[in-house]
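Structural overview
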Amino acid sequence: MNIMGFDRRDMLMLSNLFRMALTDRYLGSALGTVWAFLSPLMLLGIFCFVFTFVFPNRMAGATSTLTFVIWLFSGYGPWLSISEGLSNGTASVVGSAGIVKNIAFKSELLPVVGALLGLVPLAVSFVLIALLQLVNGTLPQPAMLILPLVVLLQLVFVAGLGMFLGALNVFVRDTALILPNLLTILLFASPIFYALTAYPAFAQSVLVFNPFYVIAECYRDPILNGRLPPLWMLAYLTICASLSLTGGLLWFRRLKNFFDTRL
Amino acid sequence: MRDVVVPVIAISCQGVSKSFALVDKGSAWRLAFGMGTDVPTFEALKDISFDVPKGQFVGILGKNGAGKSTLLRVVGGAYSADRGRVAINGALSAIYELGLVGNPQLTGRQYAERLLTVHGFKKSQRGPMIADIHDFSELGDRFEDPVLTYSAGMMARLFFSTATAGNYEVYLLDEILSVGDQHFQSKCWRRLRDRVSRGASGVLVTHDWSAIIKLCETAHIIDKGRVTYSGPPERAARLYLFGEVARQAMTSGYARFIEKPADIQIEAGRDLVIGARAEILKPVEVGAVFVIERLQPGYGWEIALMSRSVSPVGREPGIYHVNIAVPRLPLDPGTYQASLHLVMPDGELPTRRVLLDGFGWLDGNGITLNVLGDPDGGLMLPARWSVSAA
């Protein structure tokens, strides 16, 4: 079996690399893996505080503080996951120079591992949302069954972008340095903290095609409203994810022949 | 159908070339966006071909920067070749350099575990292998400490133990045997010989010529990315040490040998006598030195017999007879190399000797000494030998 140049052995390698990355990331710190859960929790807490106490009037169409917090988490959680995936993907090749130089394997797995690391903050957000919904008395909706598909599309999309950025970072090390700023700009340019309706009309017609917004919406619709996201969004996301992955793979495979000169 | 024995090739490397793009800050952008076709390149390997038969180690000698490590990485698949074909027949274990793979916070145990995982060993296989690594590396309690606290030698021990823990069929080793203390090195040799005797093959890349002689039956020298020599390891060592000249520097005009003694076959324990005629051309104090070395592929190199001091030959011009006598030759059966040289004291440094003429494997004209006999016969000690001239 061979999908896009990956076979079963590569899948085994992927799972090994993922476990290695997970331990490496949190090894050597006092609380270890606990940080994987604590840091998204803290970020979510900060934004929760800012938007419910500091700017309470900015609440986006919510009836109570609790529902706003759920709304915020269901959009910001996926964003945390995306940004974690992108920054890990970008740093993945340079950060694993030892493995790339010394072990014969498909290095395009590294940005995929980066994207997978984004699952950690996503899982934390899901747990939090579930708890809050329990407090709120909302029952899990059948529409939520679509979420695994959304997660998959998001991972594919981020993995493709990660391949592009990760390979670029080998040649232009500035990539990893600029990325945090870019991510902040991207966050505020996407209707994640605010409802889409908070933007001027002309901006709305453009922003509605922002893939990051589409991803957030695909999470929010099933979680908040118990209904499936619009079909066009899922279709659009599928197209974005496929383009991102094929483009990223082509780019990565062309450049990886030159990795040895830069690592 | 096992009648026809075809030599099985473990590693086949055909016409492999590899170049590196010389990337600077400006060309990095161009390369990344596909406009980098005009980026200058450095050709590290040029059309390299060699085969490693199953059950053999092939040595690759070369100076620093000759392309040895690059070649090994291409063979192992960590680098992709620009042209050429590499085929490996069997499970592969490679030690390219003592670089860390991963987080230095990992303990020795976790590190070994990780390397094994990366190589695809299942959990059930890893348990006994880790125990073997712990035992072989002799790290003791330090096995549980982070590898960043390890010395270079300890790291080498962990590396070698891990890389050879599995019963691989093909090994790629880079300089690994020149690290670590003598005790551990000898353990490494034993383990490698054990693997070879069970049919393992491999490539040993090094600039240590004696390591090549110890393990390999064939050696290649690479220089500036090309194979400049392929053949028996002792000739490779000679070429590597002295280059194309293939002779040690000799000062001519003072004394010379008139003829070369023939190769010798002798029963172990018999008296060995070698005679050679030498001519002194100018009145200087000429002496003779005699060495027997054991130099056997797969066994190693060692000095077997050596005359301790220079035996005087003569001072005045004329013809002299140099006689070497080793009573009851105290050597195991096997093939040895005898060297006989005429020397004179250096005018400025009396303790140094100036080579005048001679025979030796390093000069390409050594005297082969075949000692025959029962390998378990034992030796008679003490032994004395003399070099005299008349």
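Not measured: the values here are computed from a predicted model. (Residues numbered from 1 in each chain as written. Chains lettered and ligands numbered in written order. Predicted model: local features only at pLDDT ≥ 70, side-chain atom pairs only at ≥ 80, totals over all residues. Heavy atoms only, no water.)

1. Details of the overall build of chain B
Looking only at helices and strands, chain B has eight helices and 20 strands in total. Residues classed as buried in chain B amount to 48% of the 390 residues present. Per element, the accessible surface of chain B, about 18,700 Å² overall, is 52% carbon and sulfur. (Helix = DSSP H or I, 4+ residues; strand = E, 2+ residues; numbered from the N terminus. Buried < 20%, exposed > 50% of the residue type's maximum accessible area, 1.4 Å probe, protein only. Areas by Shrake-Rupley, 256 points an atom, 1.4 Å probe, with all protein chains shown as cover.)

2. Looking at the overall build of chain A
Helix and strand counts for chain A come out as 12 helices and zero strands. With the C-alpha coordinates aligned to their principal axes, the bounding extent of chain A is approximately 55 × 45 × 35 Å. Considering chain A as a whole, with its 263 residues, one finds that 51% of them fall into the buried category. Sequence separation of at least 24 residues holds for 77% of the intrachain contacts in chain A that already meet a minimum separation of 6. Carbon together with sulfur atoms contributes 72% to the accessible area of chain A, which is approximately 12,100 Å² in total. Between the mean site of the 14 positive side-chain charges and the mean site of the 9 negative ones, chain A shows a separation of 2 Å. (Contact = heavy atoms within 4.5 Å. Lys, Arg positive; Asp, Glu negative; His and termini not counted. Charge placed at Lys NZ, Arg CZ, Asp CG, Glu CD.)

3. Brief notes about the confidence of the model for chain B
Do not read the fine detail of predicted coordinates wherever pLDDT is low. With 86% of its residues at a pLDDT of 70 or more, chain B has an overall mean of 80. On the interface metric, ipTM, the complex scores 0.71, and its pTM is 0.75. (pLDDT = per-residue confidence, 0-100.)

4. Comments concerning the side chain of Ser339(B)
Residue placement: Ser339(B) occurs in strand S17 (residues 334–345). Classification of Ser339(B) as buried rests on a relative accessible area of 7%.

5. Observations concerning the pattern of salt bridges
Going through the model one piece at a time under the given rule, you end up with 16 salt bridges over all chains. In this structure, Arg227(A) and Asp221(A) form a salt bridge, with 3.3 Å as the shortest nitrogen-oxygen distance. Taking the relative accessible area as the measure of exposure, Arg227(A) reaches 48% and is therefore partly exposed. What makes Asp221(A) buried here is its relative accessible area of 6%. Here Asp132(B) ties to Arg191(B) by a salt bridge, and the two come within 3.0 Å at their closest N and O atoms. One end of the pair, Asp132(B), is in helix H4 (residues 123–137); the other, Arg191(B), is in helix H6 (residues 182–197), and 59 residues separate them in sequence. One network of salt bridges, in which partners are shared, links Glu108(A), Arg253(A) and Lys256(A). (Salt bridge = Lys/Arg side-chain N within 4 Å of Asp/Glu carboxyl O.)

6. Some details on the environment of Gly334(B)
Residues and elements named next belong to chain B. Along the polypeptide, Gly-334 turns up in strand S17. For Gly-334, a relative accessible area of 16% corresponds to the buried category. Separated by 92 residues in the primary sequence, Gly-334 and Phe-242 have C-alpha atoms spaced 26 Å apart.

7. Let's talk about the packing of aromatic side chains
Two aromatic rings are characterised by how far apart their centres lie and by the angle between their planes. Residue and element names in this part refer to chain A. Inspection of every chain in the model, using the stated rule, returns 18 aromatic pairs over all chains. A ring pair is formed by Phe-209 and Trp-232, whose centres lie 5.7 Å apart and whose planes are at 65°; its orientation type is edge-to-face. Taken as a pair, Phe-209 in the loop between helix H9 (201–207) and helix H10 (211–225) and Trp-232 in helix H11 (residues 231–255) lie far apart in primary sequence, 23 residues in all. Take Phe-209: its relative accessible area is 45%, and that puts it in the partly exposed class. (Phe/Tyr/Trp six-rings, centres within 6.5 Å; stacked < 30°, edge-to-face > 60°.)

8. What to know about the sheet that holds strand S2 (residues 41–53) of chain B
Residue and element names in this part refer to chain B. Read from one edge of the open sheet, three strands run S2-S1-S4, paired in antiparallel fashion. The two strands at the open ends of the sheet, each matched to only one other strand, are S2 and strand S4 (83–88). Geometrically, the sheet is characterised by an average inter-axis angle of 20° between neighbouring strands, direction not taken into account. In this structure, strand S1 (residues 9–21) lies alongside S4, joined through five bridges in antiparallel fashion. (Pairing = 2+ DSSP bridges. Axes fitted to C-alpha atoms, helices over the stretch in contact; angles between N-to-C directions.)

9. Some points on the nonpolar core
Inside soluble globular proteins, nonpolar side chains tend to come together where they are buried. In terms of nonpolar packing, the biggest core is built from 84 residues, with Leu17(A), Phe73(A), Tyr76(A), Phe105(A), Tyr219(A) and Phe259(A) touching the most fellow members. With 14 residues, helix H7 (residues 147–171) of chain A is the single largest residue contributor to this core. Ignoring sequence-local partners within four residues, the contact set of Tyr76(A) consists of Leu43(A), Leu44(A), Phe47(A), Leu187(A), Ile192(A), Phe193(A) and Arg220(A). In terms of nonpolar packing, the next biggest core, distinct from the first, is built from 48 residues, Phe121(B), Leu139(B), Leu192(B) and Leu204(B) among them. (Core = buried A, V, L, I, M, F, W, Y, C linked by side-chain atoms within 4.5 Å.)

10. Examining the packing of helix H5 (residues 109–117) of chain A against H7(A)
All names here are of chain A. The N-to-C vectors of H5 and H7 enclose an angle of 135°; their axes lie 8 Å apart at closest approach. Judged by the inter-axis angle, H5 sits oblique to H7. H7 is crossed by H5, and the crossing has right-handed handedness. Across the interface between the two elements, Pro-111, Val-112, Ala-115 and Leu-116 from H5 touch Leu-155, Val-158, Ala-159, Gly-162 and Met-163 from H7. Across the contact of H5 with H7, the residue classes break down as eight nonpolar, one polar and no charged. (Parallel < 35°, antiparallel > 145°, perpendicular 65-115°, else oblique. Left-handed = near helix turned anticlockwise from the far one by under 90°. Nonpolar A, V, L, I, M, F, W, Y, C, P; charged D, E, K, R; others polar.)

11. Looking at helix H2 (residues 34–54) of chain A
Residues and elements named next belong to chain A. Taking 1.5 Å per residue, 21 residues should reach 30 Å; H2 reaches 29 Å between its end C-alpha atoms and fits that length. The set of residues buried in H2 consists of Ala-36, Pro-40, Leu-44, Phe-47, Cys-48, Phe-51 and Thr-52. One side of H2 holds all its buried residues, which, seen down the axis, span an arc of 115°. (Expected span 1.5 Å × (residues − 1). Arc of directions from axis to C-beta.)

12. So, the environment of Tyr320(B)
Residues and elements named next belong to chain B. Structurally, the position occupied by Tyr-320 is in strand S16 (residues 318–326). Judged by its relative accessible area of 16%, Tyr-320 falls in the buried class. Taking the C-alpha atoms as reference points, Tyr-320 and Ser-252, 68 residues apart in sequence, are found 17 Å from one another. Engagement of the side chain of Tyr-320 in a polar contact is seen with the backbone oxygen of Glu-316, the distance being 2.7 Å. (Polar contact = N/O pair within 3.5 Å; in protein donor to acceptor, adjacent residues only side chain to side chain.)

13. Overview of a nonpolar patch on the surface
On the surface, Phe49(A), Phe53(A), Val54(A) and Phe55(A) cluster together into a nonpolar patch covering about 450 Å² of accessible area. Tracing the chain through its elements places Val54(A) in helix H2. (Patch = residues over 30% accessible without salt bridge, like charges linked within 9 Å, V, L, I, M, F, W, Y side chains within 5 Å.)

14. Things to note about the side chain of Glu217(A)
Residues and elements named next belong to chain A. Residue position: Glu-217 is located in helix H10. Of the side chains bearing the opposite charge, Arg-220 lies closest to the buried Glu-217, which forms no salt bridge; the N-O distance is 4.1 Å. Setting aside chain neighbours within four positions, we find Glu-217 in contact with Pro-222 and Met-233.

15. Quick word on the sheet that holds strand S20 (residues 386–389) of chain B
Residue and element names in this part refer to chain B. In spatial order, the strands read S10-S12-S16-S20; together these four strands make up an open sheet with antiparallel pairing. Unpaired on one side and paired on the other, strand S10 (255–257) and S20 mark the two borders of the sheet. If you compare each strand with its neighbour and ignore which way they point, the axes differ by 25° on average. Where S10 and strand S12 (residues 272–280) come together, three bridges link them in antiparallel fashion. By the bridge assignment for S12, Phe-257 is matched with Ala-278.

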